[in-house]
Amino acid sequence: MDRIKKTTGKIGGIFRTAGTRHGAYSVGLTVIVIAVVIVFNLVIGQIPEAYRNLDVSSTKIYEISDTTKELLDSLDEEVDMKVLAVKDETDDRITTFLSRYASLSGNINMEWIDPVLHPSALTEYDTTENNIVVSCEATGKTTTISFDDILVPDMYSYYYYGNMTYTSFDGDGQLTSAVNYVTNDTEQTIYQTSGHGEATLSTTVTDLMEKNNYSLSELNLLMTTAIPDDCDLLLMYEPTADLSDDEASMIRSYLGEGGKVMILLGDTNAAELPNLEGILEEYGMQAEDGYIADPQRCYQGNYYYIFPELSLTGDLADGISTEMVLLTNTHGMNLIDPERDTISTTGFMSSSDSSFAVTETSQEQGTFTLGAVAEETISSSTGGDADSEDTDSSDDSSDEDAAENVTSRLTVISAGSLIDSQITDAFSQLENTQVFMNAVTANFDGVQNLSIEAKSLQTEYNTVQHAGSFSFLVIFGIPAVVLIAGFVVWFRRRKA
């Protein structure tokens, strides 16, 4: 009995020691911290998914553009989005982005439908699994978005190496395009010329046009007597052969009736395209011989890879933030007096005043226009003989004539490389495609550029204009500073 009492006393003594008290305090504190963490997680779990997922991705794939926010802020119609997929099996990037997108507008109704539990839904919406059906009851329009259009797989890697990787994320562009399509009744028709050795538009550009609900068709001017009445824009991309006299006359007539024409010049010298050059000069743009070299605004020491200076206003400036555009092997233009006083010509893209127009025999220094717009107001009179009408009728006719005035527009960019896929795909952070799509959209009244480019998941290249000093700083400057600082610390400690 005495032994038990002694043992009990020893154990009690242990719990009365300072070490035991500190241990009990630590255990208690640990329990409190764990309880706080559990309660914190429960509280956070009640916050909507759209707000509790932070975008820490290097390419900011969850970032929603200002273009989308403006569209959703002005959204008046109810838009339904039926996501036909198993949510728990869907890529987290897609689920996170969808929740973020839907939270931006109370007029977007998003519903996940499990096709395994509800197989009839696939028949009801006439689609397959892993698709989003977007519809608007007010317009009666419906479209479908595949998950593969949002998170774009690299099929080459899959078929040849068996690895499923992804090249880009296009949630913002695909959803905004779908919302715009189902809520909008208008569609613009663009005809691209052929028969002059024109280049082919890249998939990146055609996708952007499709997102903006632009219908793109091919037109051979030699096979028609007039430009179609439904042509909202005539596009000529990097022609290598000149227009015939009849084709040039056809384009002049089209512009004279208020048409819209956009020309992107290629590598061909202006002297080889006299009929096309004649149209440009009529509207105040004279092509310059040679290639433009710009030592002041060039890409990593290559004088023929230049970052032009932009002076964008109105529709051309929409969505432009960095004003970084890269052009390669470009010709230049000089603005001259148009043939008619009714034509006004303004430049929106140019080289710096340190640039040169370089030919095999000469170098001419100056500032050269790389993009310009010419506009002309065309008056269309349909009124009757003034002598046979009274004064009131004449006033009504004048008002009617004024209302029928139309504006022709000729947009010329001297470098087709603006939308070259080797640039736009490798440097997705540049605004080449944004400038191009703005220039296209500016031809249409009441239309906003809503085409949003996909975010690349591939390696991006830097666009440092002058790599020499930057490289010297990174390779030699920073290591030198670190070594010197280390030596100073070592020397002080050694003396101490």
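In the block above lies the structure referred to throughout.
1. Things to note about the overall build of the protein chain
When you go through the protein chain residue by residue, the secondary structure sums to 16 helices and 23 strands. Counting over 496 residues, the protein chain shows a buried share of 41%. Put simply, of all contacts in the protein chain between residues at least 6 apart along the chain, 76% involve residues at least 24 apart. Accessible area for the protein chain stands at about 27,100 Å²; split by element, carbon and sulfur atoms hold 51% of it.

2. Here's the deal with the pattern of salt bridges
Counted by the stated rule, this structure contains seven salt bridges. The salt bridge partner of Arg340 is Glu376, with a shortest N-O separation of 2.9 Å. Within this pair, whereas Arg340 is found in the loop between strand E17 (332-335) and strand E18 (343-350), its partner Glu376 is found in strand E21 (residues 369-378), the two being separated by 36 residues in sequence. Counted as one network, the salt bridges with shared partners bring together Arg252, Glu282, Arg340 and Glu376.

3. Here's the deal with a nonpolar patch on the surface
Where nonpolar side chains cluster on the molecular surface, the patch consists of Met155, Tyr156, Tyr159, Tyr160 and Tyr161 and spans about 680 Å² of accessible area. Mapped onto the elements, Tyr160 comes out in helix H8 (residues 155-161).

4. Some remarks on a negative patch on the surface
On the surface, Glu63, Asp66, Glu70, Asp73, Asp315, Asp318 and Asp445 cluster together into a negatively charged patch. Accessibility expressed as a relative area gives 47% for Glu70, which makes it partly exposed.

5. Here's the deal with helix H5 (residues 92-102)
Counting buried residues along H5, nine of its eleven residues qualify, which places the element largely inside the surrounding structure. Within H5, burial applies to Ile94, Thr95, Thr96, Phe97, Leu98, Ser99, Arg100, Tyr101 and Ala102. Capping the start of H5 is the job of one residue whose side-chain oxygen sits 2.8 Å from the backbone nitrogen of Arg93: Asp91.

6. Digging into the sheet that holds strand E20 (residues 363-365)
Read from one edge to the other, the open sheet built from three strands follows the order E12-E19-E20, with strand pairing classed as antiparallel. The sheet terminates laterally at strand E12 (291-293) and E20, the two strands that pair on one side only. Pairwise comparison of adjacent strand axes, ignoring direction, gives a mean angle of 30° for this sheet. Taken together, the three bridges between E12 and strand E19 (residues 356-358) define a ladder with antiparallel strand orientation.

7. Examining the packing of helix H11 (residues 245-256) against helix H12 (residues 274-282)
The N-to-C vectors of H11 and H12 enclose an angle of 25°; their axes lie 9 Å apart at closest approach. Regarding the angle of H11 to H12, the classification is roughly parallel. In terms of crossing hand, the pair formed by H11 and H12 is right-handed. Contacts between H11 and H12 involve Asp245, Ala248, Ile251 and Arg252 from the first element and Asn275, Gly278, Ile279 and Glu282 from the second. Each residue belonging to the contact of H11 with H12 can be placed in one class, and the counts come to three nonpolar, two polar and three charged.

8. So, the side chain of Asn449
With respect to the secondary-structure elements, Asn449 resides in the loop between helix H15 (432-441) and strand E23 (455-456). Side-chain polar atoms of Asn449 contact the side chain of Asn438, separated by 2.9 Å. With residues near it in sequence (within four places) discarded, Asn449 still touches Thr67, Asn212, Gln434, Met437, Asn438 and Thr441.

9. Thoughts on the nonpolar core
Ranked by size, the top nonpolar core spans 36 residues in total, and within it Met209, Met262 and Phe436 carry the most contacts. Per-element tally for this core: the top contributor is H15, with five residues. Sequence-distant contacts of Met262, defined by excluding residues within four places in its chain, comprise Leu233, Leu234, Leu235, Met236, Thr411, Ile413, Phe436, Ala439 and Val440. The next biggest cluster of nonpolar side chains, apart from the first, holds 29 residues, and it includes Ile64, Ile94, Ala102 and Cys136.

10. Here's the deal with the sheet that holds E23
Spatially, the three strands line up as an open sheet ordered E5-E6-E23, and their pairing is antiparallel. This sheet does not close on itself; its edge strands, each paired only once, are strand E5 (151-153) and E23. One ladder, built from two bridges, connects strand E6 (residues 166-169) with E23; its direction is antiparallel. Note that in E23 the partner of Phe169 across the bridge is Lys455. The strands touched by H5 are E5 and E6; relative to E6, the strand with the most contacts, the crossing angle is about 5°.

11. A look at unusual backbone geometry
With a phi close to 55°, Glu323 is a non-glycine residue in the positive phi region. Mapping Glu323 onto the fold places it in the loop between strand E15 (309-310) and strand E16 (327-328). Using a relative accessible area of 38% as the deciding quantity, one classes Glu323 as partly exposed.

12. Thoughts on the pairing of E6
Pairing of E5 with E6 involves three bridges; the strand directions are antiparallel. Each bridged residue has a counterpart across the sheet, and for Pro153 the counterpart in E6 is Tyr166.

13. Notes on the pairing of strand E2 (residues 108-113)
Here strand E1 (residues 79-84) runs beside E2; their pairing, made up of six bridges, is parallel. Across the sheet, residue Lys82 finds its bridge partner in E2, namely Glu111. This β-α-β element, E1 to H5 to E2, shows right-handed connectivity.

14. Considerations on helix H4 (residues 66-73)
For H4, the full list of buried residues reads Thr67, Thr68, Leu71 and Leu72. All buried residues of H4 lie within an arc of 125° about the axis, which places them on one face of the element. Across H4 from its buried face, at more than 90 degrees, point the exposed residues Asp66 and Asp73. At its buried positions, H4 is contacted by H5, E2 and helix H9 (171-183).

15. Focus: the packing of aromatic side chains
Under the defined criterion, the tally for this structure stands at five aromatic pairs. A centroid spacing of 5.3 Å and a plane angle of 65° characterise the contact between Tyr214 and Phe444, whose relative ring orientation is edge-to-face. Residue Tyr214 is located in strand E8 (residues 214-220), and its partner Phe444 is located in the loop between H15 and E23; the two are separated by 230 residues in the primary sequence. Comparing Tyr214 with Phe444, the two get one shared label, buried. When the ring of Tyr299 is compared with that of Phe307, the centres are 6.4 Å apart and the planes differ by 70°; the resulting orientation is edge-to-face. For the pair shown, Tyr299 and Phe307 are each scored as buried.

Procedures and definitions
- Residues numbered from 1 in each chain as written.
- Predicted model: local features only at pLDDT ≥ 70, side-chain atom pairs only at ≥ 80, totals over all residues.
- Heavy atoms only, no water.
- Helix = DSSP H or I, 4+ residues; strand = E, 2+ residues; numbered from the N terminus.
- Buried < 20%, exposed > 50% of the residue type's maximum accessible area, 1.4 Å probe, protein only.
- Contact = heavy atoms within 4.5 Å.
- Areas by Shrake-Rupley, 256 points an atom, 1.4 Å probe, with all protein chains shown as cover.
- Salt bridge = Lys/Arg side-chain N within 4 Å of Asp/Glu carboxyl O.
- Patch = residues over 30% accessible without salt bridge, like charges linked within 9 Å, V, L, I, M, F, W, Y side chains within 5 Å.
- Lys, Arg positive; Asp, Glu negative; His and termini not counted.
- Charge placed at Lys NZ, Arg CZ, Asp CG, Glu CD.
- Polar contact = N/O pair within 3.5 Å; in protein donor to acceptor, adjacent residues only side chain to side chain.
- Pairing = 2+ DSSP bridges.
- Axes fitted to C-alpha atoms, helices over the stretch in contact; angles between N-to-C directions.
- Parallel < 35°, antiparallel > 145°, perpendicular 65-115°, else oblique.
- Left-handed = near helix turned anticlockwise from the far one by under 90°.
- Nonpolar A, V, L, I, M, F, W, Y, C, P; charged D, E, K, R; others polar.
- Core = buried A, V, L, I, M, F, W, Y, C linked by side-chain atoms within 4.5 Å.
- Right-handed = clockwise from strand over helix to strand, strands pointing away.
- Arc of directions from axis to C-beta.
- Phe/Tyr/Trp six-rings, centres within 6.5 Å; stacked < 30°, edge-to-face > 60°.

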